[in-house]
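# Descriptive analysis of the structure
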Amino acid sequence: MLFRRYLSKEEMKLETESYWSMINGYLQVTSSLFLPASSLFTIFVQNKHSLKTKKIFLLTACLSIQLSFAQFAKVIDKDGYVNIRENADANSKIIGKINSDEIVYIFEADNKNWANVSNGYIHNSRLKYIQTYQAVPPTVRDANKAIFKSGNIKVNIVSGKFNFKENEKDFTSTLNGDYYKEQQVWGIDRTIPKTHYISITAQIGDKTIQIPEKEIENLFEVNNKSTTCYYDRINDILYISMLNSDGAGTYAALFTIEKGEYKGRTLEIPF
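Values in this document were obtained by computation on a predicted structure and should not be read as measured data.

Cut-offs used in this document
Residues numbered from 1 in each chain as written. Predicted model: local features only at pLDDT ≥ 70, side-chain atom pairs only at ≥ 80, totals over all residues. Heavy atoms only, no water. Helix = DSSP H or I, 4+ residues; strand = E, 2+ residues; numbered from the N terminus. Buried < 20%, exposed > 50% of the residue type's maximum accessible area, 1.4 Å probe, protein only. Contact = heavy atoms within 4.5 Å. Areas by Shrake-Rupley, 256 points an atom, 1.4 Å probe, with all protein chains shown as cover. Phe/Tyr/Trp six-rings, centres within 6.5 Å; stacked < 30°, edge-to-face > 60°. Salt bridge = Lys/Arg side-chain N within 4 Å of Asp/Glu carboxyl O. Core = buried A, V, L, I, M, F, W, Y, C linked by side-chain atoms within 4.5 Å.

## Describing the overall build of the chain
- Tallying secondary structure elements over the chain gives 5 helices and 21 strands in all.
- Going through the 271 residues of the chain one by one, you find that 44% of them count as buried.
- Sequence separation of at least 24 residues holds for 58% of the intrachain contacts in the chain that already meet a minimum separation of 6.
- Surface accessibility of the chain: about 15,000 Å² in total, with carbon and sulfur atoms responsible for 50%.

Right, here's the structure in full:
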């Protein structure tokens, strides 16, 4: 049954090996930050019979490090595109291009000059970080709603409990992942979704923009307290940014509304 499959002994062995590999990958990072890498090993091996609990702690610890760097950014280049380099070096091989005005997710700043995207590096001079636009401050952020307001801009987000029993028929599970109403599920990791978005509405001047239901119905485990809004006043673009769920289910989302019209969403697993 969907979301209720337990690991076999062989699968548990494979997962254990993958976690050790993950730990090794974070050794150098954690040694220079707030969480000593050695503590990951200590807690991970404390109780070999509680792999799931240790997995959650490990992922949470690693994510707290990773997410301290991660954020959305907009490509801005007078040539109309920016090069993606294989390494953080201007002489490194060009492995791709991204058009101006496209949104990218920055996993970490490799140094002051280069940003790490999903498949390479982009020079920071070609990026405008979303969080550097004018912030639209929250007036309410709790488990069931988030409201942001500044001048003639207002964003209203409504979330609530998700009734899995009533909607189970709309879920499917494949080798490529879980789907809800034929869209990839975001926010869960072999668990039953508990919360979802009910509506997201933006008011900009005399225009009311409703995010289409199709764009939010497959997003689960809502965390309104990690939601932020930014406004590019020069180009009349509103950005609604979310960081939802936790552990292996964590995902980042960015909704874009330009000149009073909904333009789309960007979704990313931030690790």
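Still to come is the rest of the account.
## Comments concerning the packing of aromatic side chains
- Evaluated as defined, the whole model comprises 12 aromatic pairs.
- For the pair Phe-171 and Tyr-180, a centre-to-centre distance of 4.6 Å together with 35 degrees between the ring planes defines the contact as tilted.
- We classify Phe-171 as buried; its relative accessible area is 7%.
- Residue class for Tyr-180 comes out buried when judged on its relative accessible area of 4%.
- Considering the side-chain rings of Tyr-180 and Phe-220, the 5.7 Å spacing of their centres and the 70 degrees angle between planes classify their relative orientation as edge-to-face. With Tyr-180 in strand β14 (residues 177–180) and Phe-220 in the loop between α5 (213–216) and β18 (228–232), the pair connects residues that are 40 residues apart, well separated along the chain.
- Among the aromatic residues, ring-to-ring pairing joins Phe-162, Phe-164, Phe-171, Tyr-180 and Phe-220 into one connected group.

## Comments concerning the pattern of salt bridges
- For the structure shown, the criterion picks out 7 salt bridges.
- Measuring nitrogen to oxygen at the nearest pair gives 3.9 Å for the salt bridge that ties Glu-217 to Lys-181. Of the two residues, Glu-217 is situated in the loop between α5 and β18 and Lys-181 in the loop between β14 and β15 (183–184); the sequence distance between them amounts to 36 residues.
- Overall, the relative accessible area of 11% leaves Glu-217 in the buried class.

## A few points about the nonpolar core
- Membership of the largest hydrophobic core comes to 26 residues, with the highest contact counts inside it found for Ile-157, Tyr-197, Ile-200, Leu-238, Ile-240 and Phe-255.
- Broken down by secondary-structure element, the contributors of at least two residues to this core are β11 (145–150), β12 (153–161), β16 (195–204), β18, β19 (237–244) and β20 (251–258).
- Those residues within four positions of Phe-255 in sequence are excluded, and the remaining contacts are Ile-200, Ile-211, Glu-215, Ile-216, Leu-219, Leu-238, Tyr-239, Ile-240, Met-242, Tyr-262, Gly-264 and Arg-265.
- Grouped together as the second largest cluster of nonpolar side chains are 12 residues, Val-75, Ile-84, Val-104 and Ile-122 included.

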